[in-house]
Amino acid sequence: GSDADATKGGAMDQHVRLHISKAINTGLIERCNGAVKQGKEAIVYHADGGKNNGCNTILEDGRDGDDWDKKAAATTMATNDNVGFDVAIKVFKRIKEFRGRGEYVDGDPRYAGRPFRSLSDRQQLEVWTEKEYRNLVRAHRSNVPVPNPIYYKDNVIFMRFLGENGWPAPQIREIQLRKGSSKWHVLYEQVMESVAKLFQDARLVHGDLSEYNILEDLQTVLIDFGQSVEVRHPKAEELLRRDLQRVNEFFTKQGVTETMSIEDAMAFV
């Protein structure tokens, strides 16, 4: 993407540049390359991993007293499983779209006591970023295949880059496979196992699952967790049902004949 693309919606503003400079100075990344994915709410940049990109202990999570998240945060990146890997930098744009996201935040017990609509545009953006990061931490620690989270600040998340030579891993809708191929069935089973693990172990529902936010990087990987909610959220079951419906519809179109009925899928999860 060009510089003009990168600054649309104020994505690459001076604050973001500052966070990237700090990441270079601390050895988290070596350098930031171009934008590799442009969405309506965020831009993802590819960065070369720095010499210290696997030993960052993250302590910027769980601020509302949720012990689960605090424990996750304190130990998540104390491991070295990111050393030598490229980094994805996800920058949420400063746009008005976040105004309508309150239902994904207000019903989440982790965010009780601070109504989303009462926050400023900047605060809403930062809560959304923090929420995606915390959800990624939870999912990753529960061994759900997701991008490995490294660090976040303001409206920027650093995570492990999925792909090769700076090219992002494809969305499953982009995979060139013949309809009815047995590989589709394998991918379907992987996705269903991930949704179940996310629910049972990470205690989360993705909330916006479709062929657009499932990647294939040797196996299926779930991405985009900003809207994901705690299983205690009042709409968790409704969102889970919608996720499973979309997954079923996509794989049925690819010729997978043994997809579970929605009721069976709900029971499986």
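I will try to describe carefully the structure that is included in this document. (Residues numbered from 1 in each chain as written. Predicted model: local features only at pLDDT ≥ 70, side-chain atom pairs only at ≥ 80, totals over all residues. Heavy atoms only, no water.)

Moving on, we get to the packing of aromatic side chains. As enumerated under the stated definition, the model contains 7 aromatic pairs in all. Both rings, one in Tyr151 and one in Phe158, keep their centres 5.9 Å apart while their planes meet at 45 degrees; by these two values the pair is tilted. Taking 5.7 Å as the distance between ring centres and 80 degrees as the angle between the ring planes, the aromatic pair formed by Trp184 and Phe250 counts as edge-to-face. Taken together, the residues span a long stretch of sequence, with Trp184 in helix 6 (residues 182-200) and Phe250 in helix 7 (residues 236-253) at a distance of 66 residues. Both residues of the pair, Trp184 and Phe250, belong to the buried class. Positioned above the aromatic ring of Trp128 is the side chain of Lys131, whose terminal nitrogen or guanidinium carbon lies 5.6 Å from the ring centre. Above the ring of Phe85, the side-chain terminus of Arg160 is found at 3.4 Å from the ring centroid. (Phe/Tyr/Trp six-rings, centres within 6.5 Å; stacked < 30°, edge-to-face > 60°. Helix = DSSP H or I, 4+ residues; strand = E, 2+ residues; numbered from the N terminus. Buried < 20%, exposed > 50% of the residue type's maximum accessible area, 1.4 Å probe, protein only. Lys NZ or Arg CZ within 6 Å of the ring centre and 35° of its normal.)

Counted as a void, the largest pocket has a volume near 520 Å³. Split by domain, the lining of the largest pocket shows at least three residues from each of two domains, domain 1 (14-167) and domain 2 (169-268). A volume near 440 Å³ is recorded for the second largest pocket. Around the second largest pocket, the lining comprises 21 residues; the ones closest to its centre are Arg160, Phe161, Leu162, Gly163 and Asp217. Elements supplying a minimum of two residues to the lining of the second largest pocket: strand 6 (163-164) and strand 10 (219-222). Split by residue class, the lining of the second largest pocket holds 10 nonpolar, 6 polar and 5 charged. (1 Å grid on protein atoms, 1.4 Å probe; cavity = no way out; pocket = protein on both sides within 12 Å on 5 of 7 lines; lining within 4 Å. Points joined across faces, edges and corners; volume = space filled by probe spheres on them. Domains from an automatic or database assignment. Nonpolar A, V, L, I, M, F, W, Y, C, P; charged D, E, K, R; others polar.)

This part takes up the sheet that holds strand 2 (residues 42-49). With antiparallel pairing, the 5 strands of this open sheet are ordered in space as 1-2-3-5-4. The open sheet has two edge strands, strand 1 (29-38) and strand 4 (149-153), and neither has a second partner. When strand polarity is set aside, the average angle formed by the axes of neighbouring strands in this sheet is 25 degrees. In this sheet, strand 5 (residues 156-160) lies alongside strand 4 in antiparallel orientation, the contact comprising 4 bridges. Across the sheet, the residue bridging to Lys153 is Val156, located in strand 5. (Pairing = 2+ DSSP bridges. Axes fitted to C-alpha atoms, helices over the stretch in contact; angles between N-to-C directions.)

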